[in-house]
Amino acid sequence: AKHGIRLVSVVNRVQSEDWLVILRIIWLFVLLVFINHWISCGWYAIGCIDASLEQWSSKAFDPEVHGFAYRYTTSFHWAVTQFTPASMEVVPRNALERAFNVGVIFFGLVMFSSFVSSM
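In short, a report on the structure. (Residues numbered from 1 in each chain as written. Predicted model: local features only at pLDDT ≥ 70, side-chain atom pairs only at ≥ 80, totals over all residues. Heavy atoms only, no water.)

## Quick word on the overall build of the protein chain
Each helix and strand counted, the protein chain has 5 helices and 0 strands in total. The order of α-helices and β-strands along the protein chain, N terminus first, is α-α-α-α-α. Scaling as 2.2 N^0.38, a compact globule of 119 residues should have a C-alpha radius of gyration of about 14 Å, whereas the protein chain reaches 18 Å, well beyond that. Taken along its principal axes, the extent of the C-alpha atoms in the protein chain is 60 × 30 × 25 Å. Considering the protein chain as a whole, with its 119 residues, one finds that 26% of them fall into the buried category. Considering only intrachain contacts with a sequence separation of at least 6, the fraction spanning at least 24 residues in the protein chain is 62%. Carbon together with sulfur atoms contributes 69% to the accessible area of the protein chain, which is approximately 8100 Å² in total. Counting 8 positive and 8 negative side-chain charges, the protein chain places the centres of these two groups 11 Å from one another. (Helix = DSSP H or I, 4+ residues; strand = E, 2+ residues; numbered from the N terminus. Rg over C-alpha atoms; globule rule 2.2 N^0.38 Å. Buried < 20%, exposed > 50% of the residue type's maximum accessible area, 1.4 Å probe, protein only. Contact = heavy atoms within 4.5 Å. Areas by Shrake-Rupley, 256 points an atom, 1.4 Å probe, with all protein chains shown as cover. Lys, Arg positive; Asp, Glu negative; His and termini not counted. Charge placed at Lys NZ, Arg CZ, Asp CG, Glu CD.)

Below, the structure written as structure tokens:
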């Protein structure tokens, strides 16, 4: 709530329509990064849940070789590709991952449509 009040006060002070458009784009970008962060965390967690299943994480990296930064950016990269027409080599390897993937694709469709309509 506190950040929303700050954003409203900044918008009220800005008189230029151009600056309002720029602020709106920045806000949407920050929101998109935040949403993709949470999706990437969910994707990584699902990839580490059950070692008895074949998992995307076991194919994408070796935890003993690849550090946290590589594992996080791989998950984040996957999340971003679900919102864009980009692709990558990380794919679901079991039913739970596939279900999460399909849910994220539908969520991405709704989010993308919302972002486009709000511009």
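## Examining the packing of aromatic side chains
Applying the stated criterion to the full structure yields 11 aromatic pairs. Look at Tyr72 and Phe76: their rings are 5.9 Å apart centre to centre, the planes differ by 25 degrees, and that puts the pair in the stacked class. Of this pair, Tyr72 and Phe76 both sit in helix H4 (residues 68-81), 4 residues apart, which is roughly one turn of that helix. A relative accessible area of 27% places Tyr72 in the partly exposed class. Residue classification places Phe76 among the partly exposed positions, given a relative accessible area of 21%. Both rings, one in Trp78 and one in Phe100, keep their centres 6.2 Å apart while their planes meet at 25 degrees; by these two values the pair is stacked. Of this pair, Trp78 sits in helix H4 while Phe100 sits in helix H5 (residues 95-118); the two residues are 22 residues apart in sequence, bridging distant segments of the chain. Pairwise contacts between aromatic rings join Trp43, Tyr44, Trp56, Phe61, Tyr70, Trp78 and Phe100 into one cluster. (Phe/Tyr/Trp six-rings, centres within 6.5 Å; stacked < 30°, edge-to-face > 60°.)

## Focus: the pattern of salt bridges
Tallied over the entire structure, the rule returns 1 salt bridge. Measuring nitrogen to oxygen at the nearest pair gives 3.4 Å for the salt bridge that ties Glu54 to Lys59. (Salt bridge = Lys/Arg side-chain N within 4 Å of Asp/Glu carboxyl O.)

## Quick word on the environment of Ser87
Take Ser87: it is sitting in the loop between H4 and H5. For Ser87, a relative accessible area of 64% gives the class exposed. In the structure, Ser87 is positioned 10 residues away from His77 in sequence and 9.3 Å away in space, judged by C-alpha atoms. Once residues lying within four places of it in the same chain are set aside, the contact partners of Ser87 are His77 and Thr81.

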